Amino acid sequence: MPQNSTEQGPRTTAPVIDLRLAHSPDSDDAFMFYALATKKIPTGNIEFTHVLEDIETLNQKAREEVYDITAVSFHAYAELADRYILMSSGASFGDGYGPLIVTRGPLQGEGLKGKRVAIPGKKTTAYLALCLYESDFEPVETRFDEILEKVVKEEVDAGVIIHEGQLTYGNYGLARMVDLGVWWKNETGLPLPLGGNVIRRALGPDVIRRADELLHESIAYGLDHRDEALEYALNFARGLEPATAEHFVSMYVNQWTLDYGEQGRRAVQTLLDRGFEAGIIPQAVKAEFVGQ
């Protein structure tokens, strides 16, 4: 007996796409990914496996495409652009503030020239900005959360501080020598782009577009539900007082986090261009963004 033409065949369900999403264990990143990590927004057939690692580890693992989506320093992006594309949201910018050079006291002579400086990794934007500020120094690679102690113990002459250390260095009796975000703003008139989220090009345009939309939705949800997102982010604040943690989040989750805009994209390109012109980045790189 022929099947009734009005009957429908079995429904097909889109296969689940599991994306490994990696970011730093910091309160600002936790704020951005709050809605995704706690399933506050529907993600359809895309599922995210969250991985937390320090930024220099993420920079190194991105070279091997370990993660589908990952936070990276913009310095590291320069050698990843053929395999990853920048997502349209989720970046950290310092507008007139950024990584700090701290010391035990005033440095004699010509500042950092020839001095031993603890850095959080050679692919971090902090290191790139330091090299643009002063090219003649001896870098000492150090885990970001051990730099302050290294300066205190006089194992190095100075240290470049990222993450929450930018707000707590005074507790160690250290002095700020230079704010690289201030220096950059004076040099270029632009905010300093520190890190962004990238996604593997091999995933294809449809998955890339949908994942990009979900990240944007997650950040927007956090901004619209600020109190609950901040409460979640405090779990990643490494002992900061709530008011200090909230201040840190507000520093690096700002208008450029939700949308680079023309100025944000120009700041990224300017950083890459200056790195290349100074011989720090080995090849010229054109920043490419999802949807641009």
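Residues numbered from 1 in each chain as written. Predicted model: local features only at pLDDT ≥ 70, side-chain atom pairs only at ≥ 80, totals over all residues. Heavy atoms only, no water.

## Looking at the pattern of salt bridges
Scanning the model with the defined rule gives 18 salt bridges in all. Measuring nitrogen to oxygen at the nearest pair gives 3.8 Å for the salt bridge that ties Arg143 to Asp54. Separated by 89 residues along the polypeptide, Arg143 in the loop between strand S8 (138-141) and helix H5 (147-152) and Asp54 in the loop between strand S2 (46-52) and helix H2 (55-62) bring together distant segments of the chain. Salt bridges here are not isolated pairs; linked through shared partners, they connect Asp54, Arg143 and Asp145. (Salt bridge = Lys/Arg side-chain N within 4 Å of Asp/Glu carboxyl O. Helix = DSSP H or I, 4+ residues; strand = E, 2+ residues; numbered from the N terminus.)

## Description of the packing of aromatic side chains
Applying the stated criterion across every chain yields a total of 13 aromatic pairs. For the ring pair Tyr34 and Tyr232, a centre distance of 5.2 Å and an interplane angle of 45° mean the geometry is tilted. With a gap of 198 residues between them, Tyr34 in helix H1 (residues 27-37) and Tyr232 in helix H9 (residues 226-233) connect regions that are remote in the sequence. Judged by centre distance (5.7 Å) and plane angle (75°), the rings of Tyr97 and Tyr252 are edge-to-face. (Phe/Tyr/Trp six-rings, centres within 6.5 Å; stacked < 30°, edge-to-face > 60°.)

## Some thoughts on the confidence of the model for the chain
Looking at the chain, pLDDT values average 92 and 95% of them are 70 or higher. Taken together, the stretch residues 1-10 has pLDDT below 50 and engages in zero contacts with residues farther than four places along the chain or on a different chain. (pLDDT = per-residue confidence, 0-100. Contact = heavy atoms within 4.5 Å.)

## Structural notes on H1
In terms of residue burial, H1 counts as a mostly covered element, since ten of its eleven residues are buried. Phi for Lys39, located one or two positions after H1, is positive at around 55°. (Buried < 20%, exposed > 50% of the residue type's maximum accessible area, 1.4 Å probe, protein only.)

## Topic: the sheet that holds strand S7 (residues 116-119)
Judged by pairing direction, the sheet is mixed, and its five strands sit side by side in the order S8-S7-S9-S6-S10 without closing on themselves. At either margin of the open sheet sits one strand with a lone partner, and together these are S8 and strand S10 (175-179). Averaged over neighbouring strand pairs, the angle between their axes works out to 30° when direction is ignored. Direction of pairing for S7 relative to strand S9 (residues 158-161): parallel, over a ladder of two bridges. Following the sheet pairing, Val117 is matched in S9 by Ala158. On top of the sheet, helix H4 (residues 125-133) reaches strand S6 (100-103), S7, S8, S9 and S10; it is set at about 150° to S7, its chief contact. With respect to the sheet, helix H7 (residues 180-188) is in contact with S6, S9 and S10, its orientation differing from that of S10 by roughly 25°. (Pairing = 2+ DSSP bridges. Axes fitted to C-alpha atoms, helices over the stretch in contact; angles between N-to-C directions.)

## Topic: the packing of H1 against H9
Where H1 meets H9, the axes come as close as 8 Å, and the angle between the chain directions of the two elements is 115°. Handedness of the H1/H9 crossing: right-handed. Every residue of H9 that contacts H1 at Ser27, Ala30, Phe31, Tyr34 and Ala37 is listed here: Arg226, Glu228, Ala229, Leu230, Tyr232 and Ala233. Classifying every residue of the contact of H1 with H9 by side-chain character gives eight nonpolar, one polar and two charged. (Left-handed = near helix turned anticlockwise from the far one by under 90°. Nonpolar A, V, L, I, M, F, W, Y, C, P; charged D, E, K, R; others polar.)

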